[in-house]
Every structure is written in C-alpha cells, then in structure tokens.
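What follows is the residue order along each chain.
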Amino acid sequence: MKVKLLSRNPDDYLRETKRDIQKVPRNYDPNLHPFQSSREYVRALNAVKLERVFAKPFIGNLDGHRDGIFCMAKHPKSLSTISSGSYDGEVRLWNLASKKCISSVNGHERFVRGLCFNFDGSRLYSVGDDSTVKVWNTEELDLPSHTFISQSVLYGISCQWLDSKVFATCGDVVQLWDITRSQPTSTLQWGVDSLHHIAFNQVDTNILASCASDRSIILYDTREVKPMRKIVMKLKTNQVAWNPMEAYVFTAANEDYNCYSYDTRNLKSPINVHKDHVSAVTCIDYAPTGLEFVTGSYDKSVRIFESSQGHSREIYHTKRMQHLTSVIWSLDNKFILSASDEMNIRIWKANASEKLGTLRPREKSAMEYNATLKTKFAAHPQVKRIARHRQVPKHIYHERAQQMESRKKLKRKEENIRKHSKKNSIPYIPEKEKNVISEVV
C-alpha cells in the first residue's frame, strides 16, 4: 500500500515575526484576473489624488538680508552651502541644513550684480555696481583675497569649469580674466551697448553665452579672438542657462513671458518654446539631470518645466513672495531655492509630494508601484485632470485668461486676412520662429 504525504516548506507560508505581513500565494495567469485593469485604474486614481493631498512643497526660508536679494550661487562641492547678494552690497554665505547664515560681509558699495563659485568651491567671486570684482575665501567672508578694478560697469560674472583661475565678466564688453593677473587677458565685443548676463558652458568649458541689451544672445569661444554667433529676438533675454547634460543646448528666459530652448548647431529657430508665465521671466536654472529646469518670473511665481515639454508641470507661489530675482536647483536634484525682492530666500521641494527622509523598503516599493500606475493611466481624462490641476493666485488666473483671449484674437485676425487674400500670399509661420528675428554669423 502506497501513502502520499503532503510536504510543505514552512518558509513558503509562515511569517518570520508576528509583525510581518501574511504571505499570500498568487497565480499570475491573466485569465484568473479579469478585473485587474479596473482595479489598477482605481488605484491610479487614488494615487494621483493622494499626490495632490500630500503636495506641500514649501520647506522653509532664509531671512536676514536688510534689502532685496538680487543674485544667488550654489557651491559646486557642498550641497548645504549657497551664497546670496543683495541690493545694499551685502554678500552672505548660508548653511541650508541649519537654515543659518555662516558669514556675511558688506562686499560692495551698491548692488551686488553677480556671484559665482570657482570649480573647487574654495573661492567666491562677486561683482557690483562699483565696477570691482572681489574674490572671497569661502571659509570666512572677512576680507577679499583679490580685488580687480574694471574700466567699465560690470553686470555679471561666470567662472570657467575645470579651471579655477579663469573667469569672465560682462558689462559694456565681455572680459576674460585670470586670477594671477590684474588686467583682463582678453576683451570680446560685438557692437552692443551693454551685456547683463553671462554663463559658461559646463561641458564644453570654452564656450560661453551672454545676453545683450539689443535683444540678442551672443555666443563666444575663449579660444577665438572674436564672438562666434548671435541670435536677435523680438524682446530682451534676461538670463541664459546651459543644459548640464547636453553641451549644445541652452535655454533663454525672455521678456515675452516665454522660455526658448536652442540647439547651438542650428540657431535659426528654437527646438522648444516653454509657455505658462504671465509676465517677464527673470531667472532660470537647470536641474543637474538636465531633464528639467526652474524659472522665476515677475508674476511672483516659480515654475518647473520638463525640458522636452512646452508647459510647466508645477507652479509654486505664496502670498508674501514678490517679484523673483534668482532661482537655483540644488545639486542633489531634490530642492529649489528662490530669491525675491522682499528680502527672503525660500526653499522648496523639487517634487511637491515627495516624502523626505529614509523610506522603508515596503514604503519605497509602494511609491514606485503608484508612480508606475500614474504613468500607465496618465492619458485617462480623470487622472489627467487631477494631476494637472493647480490653485493659482487670482492675478495670474485673470491675466492668463486675458492672454488666451488675446492670442485667439490674433489667430482669428490672421485667418481672416489669409482667407481674403491671394492664395499662398501669406505664409504660415511656425510658433517657434515668430519671436526670432535673425541669426548673425
């Protein structure tokens, strides 16, 4: 007589501790789960609702300046260190972890126009309305280690990556400096009155871009004796930010409420136009991943854009925040800092609903599962409506409605003119080319 016995491994069905979850065997055969898609849709809907419930992006603020803040710079090596400069000439170093000021000094007689750290973070450069460049030791802002006097007004500064001695300033002309020499090593100009912003490329370190008062963006190569190319737009560009992952892409913050991403290999038209602000875009900075960038505007709001999308994915605003003057994205890709002219620096989460701190494995896997569901059902009307809904201030809401009505009016007028004109006499101009006047080589 043969007897068959059931043999089970206790590890397959018993909990290790009484606090552990019950192990449930599951058969993944789709025929046994006909309502799986319906259940996943409900879970995706709940996940996107909870994302909006837990969207609390504001973390804290740094106060202490006695006048409006004009510029900020992030330390290239220390995640918790930033610097800021104000309208009254004060320069401060901040520790973000403790939200305290490390040191401060009255570095300039008037406006601090620009700040930047060198590549290794040992020195901080500042320029002001007193036409001087001062170099500070980041250990303690006491006395400047170097002072350079320019023959012209200075409005911006940028340090070359991988070389801690070379930096560039802009004003009436672009000047290249070496910290070991008291005079500029090179001067570059292209028939403009003044330049108000300059930025070195972080990948191709010999390339830099500047914004000029004649509505142009000028590209330079430090190895050449003259500028390379220039784009002329309909309105003035306030700032330029290079993509840290794609050496040939930069994005310009413009006075016409939009941002324009350009490919330096073809400057005839931008590769993308980023809309949503209702006033001039004053400042811009890229995330270290190169996939997103943050902008600050005169409409008192901060917006986060995906670099491949034309509309923002997030907007941050508070009642007390006034016109934005500077924004930076932290090097760990988790935080955004914004400075405005009411003397405050605010710290925001880059992902509004992200939970800060250590996550348990079950919690982390649940969040990854919810993120996958939201991506899977992102195009569903209900999920899409909840995910993109934002409460905006009343002045932004009404201004946006007026601008939409104005755009519809212009489009209607153009169509009527085309309808009553000779065939093909009025060409269709793509949206990307409407605000670019010319490219000068």
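Not measured: the values here are computed from a predicted model.

1. Some thoughts on the nonpolar core
Then, number 1: Counting residues in each nonpolar core, the largest one holds 17 residues, and the members touching the most others are Ile217, Ile231, Val240, Trp242, Phe250 and Tyr262.
Then, number 2: Elements supplying a minimum of two residues to this core: strand S15 (207-212), strand S16 (216-221), strand S17 (229-233), strand S18 (237-242), strand S19 (249-254) and strand S20 (259-263).
Then, number 3: It is S15 that contributes the most residues to this core, three residues altogether.
Then, number 4: Once you skip the residues sitting within four places of it in the chain, Phe250 turns out to touch Ile217, Leu219, Ile231, Val240, Ala241, Trp242, Asn243, Tyr260, Ser261, Tyr262, Thr264 and Leu267.
Then, number 5: Residues Cys283, Val294, Ile304 and Leu324 belong to the second largest nonpolar core, which totals 15 residues.

2. Observations regarding the sheet that holds strand S27 (residues 335-340)
Then, number 1: Strands sit in the order S1-S28-S27-S26 across an open sheet of four strands; the sheet is antiparallel. A strand with exactly one partner marks an edge of an open sheet, and here the two such strands are strand S1 (58-63) and strand S26 (324-329). Neighbour-to-neighbour, the strand axes of this sheet turn through a mean angle of 20 degrees, independent of strand direction.

3. With respect to the packing of aromatic side chains
Then, number 1: Under the definition given, this model contains 15 aromatic pairs.
Then, number 2: Look at Phe70 and Phe111: their rings are 5.5 Å apart centre to centre, the planes differ by 65 degrees, and that puts the pair in the edge-to-face class. With Phe70 in strand S2 (residues 69-74) and Phe111 in the loop between strand S5 (100-106) and strand S6 (112-117), this residue pair connects regions lying 41 residues apart in the sequence.
Then, number 3: Look at Phe111 and you get partly exposed, because its relative accessible area is 23%.
Then, number 4: An angle of 15 degrees between the planes, with centres 5.3 Å apart, marks the rings of Phe293 and Phe305 as stacked. Of this pair, Phe293 sits in strand S23 (residues 292-297) while Phe305 sits in strand S24 (residues 302-306), and the two are 12 residues apart along the sequence.
Then, number 5: A residue is classified by how much of its surface remains accessible, and Phe293, at 0% relative accessible area, is buried.
Then, number 6: By the ring-pair criterion, three or more aromatic residues cluster together here, those being Tyr125, Phe148, Phe167 and Trp177.

4. Quick notes on the pairing of strand S10 (residues 154-159)
Then, number 1: With respect to burial, S10 is a largely interior element, five of its six residues being buried.
Then, number 2: Both S10 and strand S11 (residues 166-171) contribute to a ladder of five bridges, which runs antiparallel. Looking at S11, one finds that Cys159 is bridged to Phe167.

5. Some remarks on the UniProt feature "domain: Sof1-like protein" (unreviewed entry) in the chain
Then, number 1: The UniProt record marks residues 350-436 with the feature "domain: Sof1-like protein" (unreviewed entry), using the residue numbering of this structure.
Then, number 2: Between the C-alpha atoms that bound residues 350-436 the distance is 31 Å, and the span itself is 57% helix and 1% strand.

Rules used throughout
Residues numbered from 1 in each chain as written. Predicted model: local features only at pLDDT ≥ 70, side-chain atom pairs only at ≥ 80, totals over all residues. Heavy atoms only, no water. Core = buried A, V, L, I, M, F, W, Y, C linked by side-chain atoms within 4.5 Å. Buried < 20%, exposed > 50% of the residue type's maximum accessible area, 1.4 Å probe, protein only. Helix = DSSP H or I, 4+ residues; strand = E, 2+ residues; numbered from the N terminus. Contact = heavy atoms within 4.5 Å. Pairing = 2+ DSSP bridges. Axes fitted to C-alpha atoms, helices over the stretch in contact; angles between N-to-C directions. Phe/Tyr/Trp six-rings, centres within 6.5 Å; stacked < 30°, edge-to-face > 60°. UniProt positions renumbered as here; feature names shortened; annotations may be inferred.

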